[in-house]
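A structural walkthrough
Below, each chain spelled out in residue letters.
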Amino acid sequence: MSTRATAIVQNALDSCSIATPGRHSPGETGLIPFSMSFEEIGFDSLAFMEFCISVHLDTGIEMTTEQLIAFGSPEAVAAYIEERL
Amino acid sequence: MLLAALARRVAENGDETAVISPGTRLTYRELGEAVSYTAERLAGAGIGPHDTVGVTVAGEVDHLIVALALIRTGCVQVALPSHEPQHHRRTIATRTGCSVVVATDATAALDTISLLAPEFGRSPADALAGPHPTDRVCLLATSSGTTGRAKFIPLTQRHLGEQARTWQWPPSRDVFLRPTSIEFNNSRRQRLYNIVHATTNVFVDRSDRDWFEMCHEHRVTRLAVSSMQARRLADRVNGDGVRLPENCHVRIGGSDMPAPLRRAFIETVTPLLHVTYATSEFGSIATAGPAHNRDKPESVGLVHDGVQVEIVDDDDKVLTPNVIGRIRARSPGMVHTYFDDVPASEGAFRNGWFYPGDMGAFDDHGVLSISGRADDMMNLASINIFPAEIENTVSEHPDVMECAAFALKSRDLGDIPLVAVVARRDIDARALLTFARERLGVRAPRRVVFVESLPCNAGAKIDREALRARFAPGGHAREGGAKS
């Protein structure tokens, strides 16, 4: 996995933590294994939206909540981003 | 109405000072005589009701005399400011059908349009007496709007007289100074309004003379500045320790005077602050006076007497207090169409109302707050977000000097809000995003971009399109991290 794709996904997870303060601090999101499913991480509709926004702003790639759910985990999303970059 | 007011000033206030500028002082009688003379000469040169006349006169007092004299001739006048590039002046002249340019400088000539130098002198002011066609268009005010294409606002003497009334109510005979050149639309109109109120017009010359000094020298009681000038004023007071005269009220036009700046202004400059919400099509709509600037500094205060304002939804249904909607207004001083611009007219004037294109809400006490331009409203996944709420919040951060919210487009989500920040010192972007998120929740900006200055369009309004273009997704050169 490229460093850039990893950084983009990490940034997206951090954005979700800003959006849902108290759930995970940005430092803590760095501890979340990318292989965990979004469901296990505790993603809700707001978190999916924030994740999509962050990826869009960093890369120009537009994703939907449905796509993220289908990917299942940050790891799969990172692989997709790496392909698209 | 305007010329009748000048004739009345000559009769009733003839010995009182009408105009002060460096090296010039005219009483109302002398101003009336000067206007009469120039009007006679212009009429003698063939200027009359059939003409549209461009005006390029940089001298402040000369400009005022020419503007009033042209009204006397019955023609329509439009400013072709000397500070504008030649091609822009030519475009205005062509679109408005100018047949003559009245100019004090021969270099202001425009191709095939006749050039006429105004003459200055004195004639008996009796010639100012009627008849005055108050409902005939006498002035095309230029508005840059937000589209970049100038709109022309056809004003009659009656409009100007009515706008003068709401602009300064209750009427008071002030000593008025505005550092902005009379060649600018709003400045010219305010100078004309002052005739109605028998106010003394104090002009600053172009030599950049200290207008603080002029405020003291001439005991200015009303100073009109832009929000940008207000910032400089506050810095100046802080830095040099200079003070305005004790009873000098400061009037700031436009609704882009954020709450932190108002508070700083009140603290450092004067509590006698008035922030006015006004448009060229309408004149003043509402003003936040000293009490509102202290207690509700994000508002534009109460609607003026004689002005009616409603907040409506997209179907023109009137909304209840505290619900944001489209602002519409009506008053005797408003125009009902733009000159030669049907699409713009249809968008802004409907059923006797003027729709300025702003969003806002009344509170339970009738205090009006502006949320931003309707065109600027963002819609993120069905959440309405207004630039003003982001800007008001982010401006509260002590390290933010100024900021502007803008949107990046997403196919699925709509408008993603961002904020461009001019910082006082290094700020951690993440900390600023958290600061905004804690206050705005889902309506917070998703990125901070740092800029040296905020881009403005020709009308000195924030150019959000320029920000949008500069910070397109995936290419934020200076976005995200701490300010470098």
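In this text, all values refer to a predicted model and were calculated from it rather than measured experimentally. Each chain has its residues counted from 1, running along the sequence as written. To label them, take the chains in the order written and letter them from A, then take the ligands in the order written and number them from 1. Local features in a predicted model are, by the rule used here, given only for residues with pLDDT of at least 70; side-chain atom pairs are given and counted only at 80 or more, and totals for whole chains, interfaces and linings are based on all residues.

1. Comments concerning the overall build of chain A
Put simply, the test is: The way it works is that DSSP assigns letters per residue, a run of H or I at least four long becomes a helix, a run of E at least two long becomes a strand, and they are numbered from the N terminus.
What chain A contains, in helices and strands, is six helices and zero strands. In chain A, the succession of α and β elements from N to C terminus is α-α-α-α-α-α.

2. Some remarks on the sheet that holds strand β7 (residues 137-143) of chain B
All names here are of chain B. Rules: Only strands that DSSP links by at least two bridges are regarded as paired with each other. Here an angle of 0 to 180 degrees is reported between the N-to-C directions of two axes, which are lines fitted to C-alpha atoms, with helices fitted over the stretch in contact.
Read from one edge of the open sheet, six strands run β6-β5-β3-β4-β7-β8, paired in mixed fashion. Each having just a single partner strand, β6 (114-116) and β8 (151-156) make up the two edges of the open sheet. Mean inter-strand twist for the sheet, computed between neighbouring axes without regard to direction, equals 30°. Sheet analysis places strand β5 (residues 100-103) next to β6, joined by three bridges and oriented parallel. Paired with Val100 across the strands is Ser114, a residue of β6.

3. Section: the sheet that holds strand β2 (residues 24-27) of chain B
Spatially, β2-β1-β10-β9-β11-β12-β13-β14-β15 (chain B) is the arrangement adopted by the nine strands of the open sheet, whose pairing is mixed. Each edge of the sheet is formed by a strand with only one pairing partner; in this case those strands are β2 and β15 (302-303) of chain B.

4. Brief notes about the packing of helix α12 (residues 387-395) of chain B against helix α13 (residues 429-440) of chain B
Residue and element names in this part refer to chain B. To be explicit about the condition: Throughout this description, any angle smaller than 35 degrees is read as roughly parallel, any larger than 145 degrees as roughly antiparallel, any in the 65 to 115 degree range as roughly perpendicular, and the remainder as oblique. Take the far helix as your reference; a near helix turned counterclockwise from it by less than a right angle gives a left-handed crossing, and one turned clockwise gives a right-handed crossing. We call two residues in contact when their backbone-placed C-beta atoms lie within 7 Å.
It is at 10 Å that the axes of α12 and α13 come closest, and there the two elements cross at 120°. Classified by the angle between their axes, α12 and α13 sit oblique to one another. Classified by chirality, the crossing of α13 by α12 is right-handed. Contacts from Glu389, Ile390, Thr393 and Val394 of α12 reach α13 at Ala436, Arg439 and Leu440.

5. Let's talk about the nonpolar core
Residues and elements named next belong to chain B. Note the threshold: Think of a nonpolar core as buried Ala, Val, Leu, Ile, Met, Phe, Trp, Tyr and Cys residues, each tied to the set through C-beta atoms within 7 Å. Exposure criterion: with C-beta atoms placed from backbone coordinates, a residue whose C-beta has 20 or more other C-beta atoms within 10 Å is buried, one with 12 or fewer is exposed, and one in between is partly exposed.
Among the nonpolar cores identified, the biggest contains 159 residues, and Leu2, Leu6, Val35, Val101, Ile285, Val419 and Val421 are the most heavily contacted of them. Top element by residues in this core is helix α3 (residues 60-73). It accounts for nine residues. In this structure Val419 touches Ile390, Val394, Cys403, Ala405, Pro445 and Val448, once residues within four positions along its chain are discounted.

6. Side note on the interface of chain B and chain A
Contact residues are listed per partner, giving 16 residues for chain B and 14 residues for chain A. The set of elements that each furnish at least two residues to the side of chain B that touches chain A consists of β24 (400-410) and α13 of chain B. Per element, the largest residue contribution to the side of chain B that touches chain A is five residues, and it comes from α13(B).

7. Re the pairing of strand β3 (residues 52-56) of chain B
Residue and element names in this part refer to chain B. What counts, and what does not: We call a crossover right-handed when, viewed with both strands directed away from the observer, the connection leading from the first strand over the helix to the second proceeds clockwise.
With four of five residues buried, β3 lies mostly within the body of the structure. Two elements, β3 and strand β4 (residues 76-79), share four bridges in a ladder whose sense is parallel. Within β4, the position partnered with Thr52 by the bridge is Val76. Handedness of the crossover joining β3 and β4 through α3: right-handed. For β3 and β5, the ladder comprises four bridges, and the chain directions are parallel.

8. Section: the domain arrangement of chain B
Where we set the bar: Reported domain spans reflect what an automatic or database domain assignment gives.
What the domain assignment lists for chain B is domain 1 (2-362) and domain 2 (377-470). With centres defined by C-alpha atoms, the gap from domain 1 of chain B to domain 2 of chain B works out at 31 Å.

9. Regarding helix α6 (residues 74-84) of chain A
Residues spaced three or four apart along an α-helix face the same direction, because each turn holds 3.6 residues. Selection criterion: Note that the arc is defined by the directions from the helix axis to the C-beta atoms.
Residues Pro74(A), Val77(A), Ala78(A) and Ile81(A) constitute the buried set of α6(A). For α6(A), the arc enclosing every buried residue in end-on projection is 100°, short of the 170-degree limit, so these residues lie on one face.

10. Regarding the environment of Pro398(B)
Its place among the elements puts Pro398(B) in the loop between α12 and β24. Between the C-alpha atoms of Pro398(B) and Ala423(B), which are 25 residues apart in sequence, the distance is 9.2 Å.

11. Some words on the confidence of the model for chain A
Threshold: Per residue, pLDDT captures the predictor's confidence, and it can take any value from 0 to 100.
Summing up the model confidence of chain A, the mean pLDDT is 85 and the portion of residues at 70 or higher is 84%. Looking across chain A, the model is least confident in helix α2 (residues 26-29) of chain A, with a mean pLDDT of 59, and most confident in α6(A), with 93.

12. Details of the environment of Val309(B)
Residues and elements named next belong to chain B. Tracing the chain through its elements places Val309 in strand β16 (residues 308-312). For the pair Val309 and Ile285, spaced 24 residues apart in the sequence, the C-alpha separation amounts to 8.0 Å. Those residues in contact with Val309 that sit more than four places away from it in its chain are Ile285, Val303, Ile327, Ala329 and Leu368.

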